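# Descriptive analysis of the structure
Residue-level listing of the chains:
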Amino acid sequence: MQWLHVPATLVLIAALTCGIAEGAEYYLSPDGDDNAAGTREAPWQSIDRANEALEAGDTAIFLPGEYPGSIAPENSGSVDAPITYRSEEPLAATLTAGEGISAIQFSNRDHVAIEDFRIDAGGVGGWFNVGDSDYLTIRGCVMRNARPTAVIRRSEQVRLLDNVFSKDRVTGNMVGITECSHVLIEGNSLERVGHSPMQITVSNYVVVRANSFQNPWGRNYEFWSSSRLLIERNTITRASDSGYSADSRAKNLYRYSIFRHNLTFGNLHTPLTSGSYLSAGATPTHLRHRPMVLTNSRIYNNTTAGNLGYGWQFSGMAIASNDIMNNIFYRNDWAGGNVQLRYMDSCSGDNRVFRNLFRGTEPGLNVVDYRGDFMPIDEADRRTGVRRDYWSEFHENIDGDPALLDLDAADLRIGPESEAIDAGAPLALAMRDGEGRELPVTDGIPFYDGFGIEGERGDWIAIGEGDNLARIERVELRYDQPAILHLDRDMTWTEGMP
């Protein structure tokens, strides 16, 4: 080992640089004074005072109490020095907004973080209305009782983390993400709103992970006219057809996206739909200027069980080039015809439904509505045939017992006797023999590489048998040419390896 001598002057410069990046801390209290120093002992009173004072790296710390007005910084933060608004005690500071305004309302401000507030709009204001603002984080907030829809528009590197959203209103929508990219929505609870708790529209590179969707007043979400979504590890429950929404069906209409490891259970009608259509009000130059469709997406390793309606409906103008594989559809439509999946005439012939487990309330039932005919899953497999020994609309599905540990208690883990174990298919196959860090595969769409969202990392994958593991650093989709998985380490593979 060779020791490196670092000059003292360099150490001093580094220390000074770190000190500058930390910024100043200012305190607010409902009993404060805007002419005070802004210290804990002499806090400010109003959000406006903080808005005008905060510069890159500064933090406004809110002591317990209620604060009317809006978070609307007059300056932006920077990549190493965001502007931060934070409740000192989580949820002890309440933002009350005001008539016709939102508690968080600004545009063209970057690198802003808002943490740990209770936001109660009192039924007259909204939670947030943000546009053209990159690197926005809203974390750890509880938001209730809003009137306008909360929306983020035309922004990049957005994070909604560990929040609770409950509009407590029987009409309207709740959270909207529109024309955004590189968005992380993780660990949130979305509940009780009349139409849809969350809409993602005309957005790209969005991760919706580990959220709880539970909306007994309507559907659970609407994701449409967007590309490269990763929807994973969410619970989707309690939706119902009601007087406050068109229906219970969460809309899945996107391109080149991944829907995996989600649990959909206990909904009071059909919980999921990919019913493609051209939206009302669409024009050649409107945001929704083309049909909303589900295409080139991968739906795998999900469990959809115990829903009062059928598990998923695929229908509409064009449902094409999707793979639905390795999923469990169990005891859906249990009070009706035991239909687990509706696959209608309008679906393209190049979708693949394979290696899924289907089971109604007992074996051998008509669990699939295939283009208007109700049939057991083995009949659907026979009906669609196999081309070139591997390509078929329905292929190698099973009518089996998933042996869920306790569906009634929403424990959807599979037990040791489950017929789903080892019944799935690999997500892709290696193409050609090779070695190195650029792995050509038959399909790159099922894999996640972080989408360019800062702090996100790609999937771990297993190549072949055993513990041949690598992390994906980048997925290169080349459409009709083999996709390339760029790995973080050298690997060796042979053609056809899973």
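The model shown is predicted, which means the values in this text are computed figures rather than measured ones.

### Topic: unusual backbone geometry
Although it is not a glycine, leucine 91 adopts a positive phi angle of roughly 70 degrees. By secondary structure assignment, the location of leucine 91 is in the loop between strand 4 (83-87) and strand 5 (93-97). Its identity as a non-glycine residue notwithstanding, asparagine 338 has a phi of 65 degrees, on the positive side. When you line up the elements, asparagine 338 lands in the loop between strand 33 (328-330) and strand 34 (341-343). When its relative accessible area of 9% is taken as the criterion, asparagine 338 is described as buried.

### What to know about the sheet that holds strand 45 (residues 469-476)
Within the open sheet, the four strands sit side by side as 43-46-45-44. Their pairing is antiparallel. Of all strands in the sheet, those bounded by a partner on one side alone are strand 43 (434-441) and strand 44 (460-462). Within this sheet the neighbouring strands show an average axis-to-axis angle of 40 degrees, counted without direction. Looking at chain direction, strand 44 and strand 45 are connected through three bridges and run antiparallel. Bridging from a neighbouring strand, tryptophan 460 pairs with arginine 471 of strand 45.

### Some remarks on the nonpolar core
Phe62, Tyr85, Phe117, Trp127, Phe128, Phe223 and Phe314 are the most contacted members of the largest nonpolar core, which totals 80 residues. When neighbours within four sequence positions are excluded, phenylalanine 128 is seen to be in contact with Ser102, Ile104, Ile138, Met143, Thr149, Ala150, Val151, Ile152, Phe165 and Val175.

### Concerning the state of the cysteines
One pass over the full model with this rule turns up zero disulfides. Between cysteine 180, a cysteine without a disulfide, and cysteine 141, which holds the nearest cysteine sulfur, the sulfur-to-sulfur distance is 18 Å.

### Some details on the environment of glutamine 105
Note that glutamine 105 resides in strand 6 (residues 102-107). Along the chain, glutamine 105 and glycine 126 lie 21 residues apart, while their C-alpha atoms are 9.1 Å from each other. In this structure glutamine 105 touches Ser70, Ile71, Ala72 and Asn129, once residues within four positions along its chain are discounted. Among the polar contacts made by the side chain of glutamine 105, one reaches the main-chain amide nitrogen of serine 102 at a distance of 2.9 Å.

### A short note on the packing of aromatic side chains
How two aromatic rings sit relative to each other is set out by the distance from centre to centre and by the angle between their planes. Counted according to the given criterion, the structure contains 18 aromatic pairs. Where phenylalanine 62 meets tyrosine 67, the ring centres are 4.9 Å apart and the plane angle is 75 degrees; that geometry is what we call edge-to-face. Take phenylalanine 62: its relative accessible area is 0%, and that puts it in the buried class. Residue tyrosine 67 is classed as buried on the basis of its relative accessible area, which comes to 1%.

### A look at the confidence of the model for the chain
Per-residue confidence for the chain gives a mean pLDDT of 93, with 95% of residues at or over 70. Low pLDDT (under 50) marks residues 1-20, which in the prediction has one contact with non-local residues, meaning those over four places away or in another chain.

### What to know about the side chain of asparagine 163
Assignment of secondary structure puts asparagine 163 in the loop between strand 13 (156-161) and strand 14 (164-169). Here the side chain of asparagine 163 touches isoleucine 138 through a polar contact of 2.9 Å, landing on its backbone oxygen. In this structure asparagine 163 touches Ile138, Arg139, Gly140, Cys141, Met143, Gly187, Asn188 and Ser189, once residues within four positions along its chain are discounted.

### Notes on the pattern of salt bridges
Under the counting rule described, the total for this entry stands at 30 salt bridges. Note that arginine 192 is salt-bridged to aspartate 168, the shortest N-O span being 2.7 Å. With a gap of 24 residues between them, arginine 192 in strand 17 (residues 189-193) and aspartate 168 in strand 14 connect regions that are remote in the sequence. On the accessibility criterion, arginine 192 (30% relative accessible area) is partly exposed. The salt bridge partner of glutamate 222 is arginine 219, with a shortest N-O separation of 2.4 Å. A relative accessible area of 0% places glutamate 222 in the buried class. Each of Glu186, Arg209, Glu232, Arg233, Arg260, Glu456 and Asp459 takes part in a single network of salt bridges with overlapping partners.

Criteria and cut-off values
- Residues numbered from 1 in each chain as written.
- Predicted model: local features only at pLDDT ≥ 70, side-chain atom pairs only at ≥ 80, totals over all residues.
- Heavy atoms only, no water.
- Helix = DSSP H or I, 4+ residues; strand = E, 2+ residues; numbered from the N terminus.
- Buried < 20%, exposed > 50% of the residue type's maximum accessible area, 1.4 Å probe, protein only.
- Pairing = 2+ DSSP bridges.
- Axes fitted to C-alpha atoms, helices over the stretch in contact; angles between N-to-C directions.
- Core = buried A, V, L, I, M, F, W, Y, C linked by side-chain atoms within 4.5 Å.
- Contact = heavy atoms within 4.5 Å.
- Disulfide = S-S within 2.5 Å.
- Polar contact = N/O pair within 3.5 Å; in protein donor to acceptor, adjacent residues only side chain to side chain.
- Phe/Tyr/Trp six-rings, centres within 6.5 Å; stacked < 30°, edge-to-face > 60°.
- pLDDT = per-residue confidence, 0-100.
- Salt bridge = Lys/Arg side-chain N within 4 Å of Asp/Glu carboxyl O.

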